[in-house]
Amino acid sequence: MRVVLAPDKFKGSLDAGEVVAALAAGVARVRPEVGVVRMPVADGGDGTVGAFVAAGWEAVRVGAVGPTGMPVEAVYAVRGGTAVVELAGVVGLAKLPGGRAEPMGSSTYGLGMVIGDALDRGVRDIVLGVGGSASTDGGAGMLQALGLRILDAAGCELPRGGAALARADRIDRSGLHPALRETSIVLASDVDNPLLGTRGAAAIFGPQKGADPEQCAILDAALANWARVVDPEVAERPGAGAAGGTGFAAMALLGAVERPGIEVVLELIDFAAEVRGADLVVTGEGSFDEQTLHGKAPMGVCAAARAAGVPVVAVAGRCLLDESRWRAAGFADCYALSELEPDPRRSMVGAGPLLEQLGARIAREHLRS
């Protein structure tokens, strides 16, 4: 028998690789004869590069700057002429010094530095995973690092940060990295928000980055001006508001094509080949809820497994869906750490051993010889 373990991270507790390790230990304890395929996954947010490194891609380390300009080390994954770059790993919320948000001045400049490094290595196909951004700069910082000049009415270059975009008057593309002309970029995202308005980058995601209502309004106005300068039509596309508007910049000026993040990940790690002929797939994430059903990693895994005729069970820190909902979504079973440890804090701290218990239970109930 063979089981494929393909969960996403349990946010704030374990990364996807650690979730896989705990489940695998539980399966081995009860059914040591069962073959275990370890395939941690992600949907474009934090943990995306780790999923590819776990699948055998080369990890490339590079110096960059975080969202506030402080030096950070970033990692991206490479195989052949393709690179997977993760926004969260360089300019994400976790990269804010001391966790102190700077909603008006933080930027995606470091992300552009990482992309530039990949281009200098000869990469010409880039998967850009977006999610967990600390900034609302419309992707302007990313473009500045790649050579774009953003000028005000007096011809002076703008500083980094979303608030500064209120003064944008025109752009100069002449200095953009020349390799971009022959580079294909896929925007891996699970967000369909436009750039502006009540569903836009500032209104919906600004508060997560420390912006109060007044700052959100200022940032939305600045992004509206940025869209006017660059391409107003692209601002309305689904996904333009991803990662504080990074989706907008990638689509408008880098020719990026948006795709659901989990679909891109599963395709590149060749999940279909691994799941073929398996007896069971186990997926999941920290919170199994309504958001899960709308394009998150477990749903992508479930769809791919069911297409191969393989049953799927879910594991989660907590399951907020009733049985009728997760069964209708295609899952054969759902296991939650909260069943073993109701206290959320203890559950997060002890997630590893609890997941091992669930792995053993899954093996007993779904991997019978």
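Each chain carries its own residue numbering, running from 1 in the written order of its sequence. Given that this is a predicted model, residues contribute local features only at a pLDDT of at least 70 and side-chain atom pairs are listed and counted only at 80 or more, while totals for whole chains, interfaces and linings are drawn from all residues. Side-chain figures throughout are based on the complete set of non-hydrogen atoms in the structure, without hydrogens or water.

As recorded in an unreviewed UniProt entry, the chain goes by Glycerate kinase and comes from Nocardia pulmonis. UniProt positions are given in the numbering used here, feature names are shortened, and annotations may be inferred rather than shown by experiment. Word for word, the UniProt comment on the chain under Sequence similarities (unreviewed entry) is "Belongs to the glycerate kinase type-1 family."

Time to look at the overall build of the chain. Looking only at helices and strands, the chain has 14 helices and 13 strands in total. With the principal axes as the frame, the chain shows a C-alpha extent of 75 × 45 × 35 Å. Scored against the burial criterion, the 369 residues of the chain give a buried share of 55%. Two residues form a contact once any of their heavy atoms are found within 4.5 Å. Considering only contacts within the chain whose residues lie at least 6 apart along the sequence, 71% involve residues at least 24 apart. Only DSSP runs of H or I with at least four residues qualify as helices, and only runs of E with at least two residues qualify as strands; both kinds are numbered from the N terminus onward. Burial classes: relative accessible area under 20% of the type maximum marks a residue as buried, over 50% as exposed, and values in between as partly exposed (1.4 Å probe, protein chains only).

The next subject is the environment of valine 312. Looking at where valine 312 falls in the secondary structure, it is placed in strand β12 (residues 312-319). By relative accessible area, which is 1% here, valine 312 ends up buried. What valine 312 contacts, discounting residues up to four positions off in sequence, is Val281, Thr283, Cys302, Ala305, Arg306, Gly330, Phe331, Ala332 and Asp333.

Moving on to the sheet that holds strand β6 (residues 125-129). DSSP bridges decide pairing: two strands pair if at least two such bridges lie between them. Taken in spatial order, the 6 strands line up as β3-β4-β5-β6-β9-β10 in an open sheet, and their pairing is mixed. Two strands lie at the open edges of the sheet, namely β3 (58-65) and β10 (257-260), each paired on one side alone. Averaged over all neighbouring strand pairs, the angle between strand axes comes to 30 degrees, with direction disregarded. As paired elements, strand β4 (residues 71-79) and strand β5 (residues 82-86) share 3 bridges and run antiparallel to each other. Bridging from a neighbouring strand, arginine 79 pairs with threonine 82 of β5. Whenever a helix is involved, its axis is fitted only over the stretch in contact; in every case the axis is a line through C-alpha atoms, and angles between N-to-C directions fall within 0 to 180 degrees. Its contacts with the sheet put helix α8 (residues 242-253) on β6, β9 (184-189) and β10, and the angle it makes with β9 is roughly 155 degrees. Along the sheet, helix α9 (residues 261-268) makes contact with β4, β6, β9 and β10, crossing β10 at roughly 85 degrees.

Moving on: helix α1 (residues 16-30). One full turn of an α-helix is made of 3.6 residues, so residues set three or four places apart face in the same direction. Take the residue count of a helix, subtract one, and multiply by 1.5 Å to get its expected span. End to end, α1 covers 22 Å across 15 residues, agreeing with the expected 21 Å (1.5 Å per residue, within 8%). Inspection of α1 places Ala16, Val19, Val20, Ala22, Leu23, Ala24, Gly26, Val27 and Val30 among the buried residues, and these make up the whole buried set. Buried residues along α1 sit in contact with β1 (2-5), β2 (35-38), β11 (280-288), β12 and α14 (351-366). The opening residue of α1, the one whose side-chain oxygen lies 3.1 Å from the backbone nitrogen of glycine 17, is aspartate 15. Pairing of N or O atoms within 3.5 Å defines a polar contact, subject to two protein rules: one partner must be a possible hydrogen donor and the other a possible acceptor, and residues neighboring in sequence count only if both atoms are side-chain atoms.

Next up on the list: the sheet that holds β11. Pairing in this open sheet of 5 strands is parallel, and the strands run β2-β1-β11-β12-β13 from one edge to the other. The open sheet has two free edges, formed respectively by β2 and β13 (333-336), since each of these has just one partner strand. Neighbour-to-neighbour, the strand axes of the sheet open up by a mean angle of 25 degrees, direction not taken into account. Judged from the 3 bridges that link them, β1 and β11 form a sheet pairing that is parallel. Looking at β11, one finds that valine 4 is bridged to valine 281. On the sheet, α1 packs against β1, β2, β11 and β12 and is oriented at approximately 175 degrees with respect to β2.

Its 12 residues give helix α4 (residues 109-120) an end-to-end C-alpha distance of 17 Å, which sits within 8% of 16 Å, the value for a rise of 1.5 Å per residue. Buried within α4 are the following residues: Gly110, Leu111, Gly112, Val114, Ile115, Gly116, Ala118 and Leu119. In the stretch just after α4, glycine 122 is the one whose phi turns positive, near 100 degrees.

Salt bridges, as used here, are contacts in which a Lys or Arg side-chain nitrogen is within 4 Å of a carboxyl oxygen on Asp or Glu. Evaluated as defined, the whole model comprises 17 salt bridges. A salt bridge links aspartate 8 to lysine 9; the shortest N-O distance between them is 3.7 Å. In this structure, arginine 325 engages glutamate 290 in a salt bridge whose closest nitrogen and oxygen atoms are separated by 2.7 Å. Of the two residues, arginine 325 sits in helix α12 (residues 323-328) while glutamate 290 sits in the loop between β11 and α11 (297-307), which places them 35 residues apart along the sequence. Look at the salt bridges and you will find they share partners, linking Asp8, Lys9 and Asp46 into a network.

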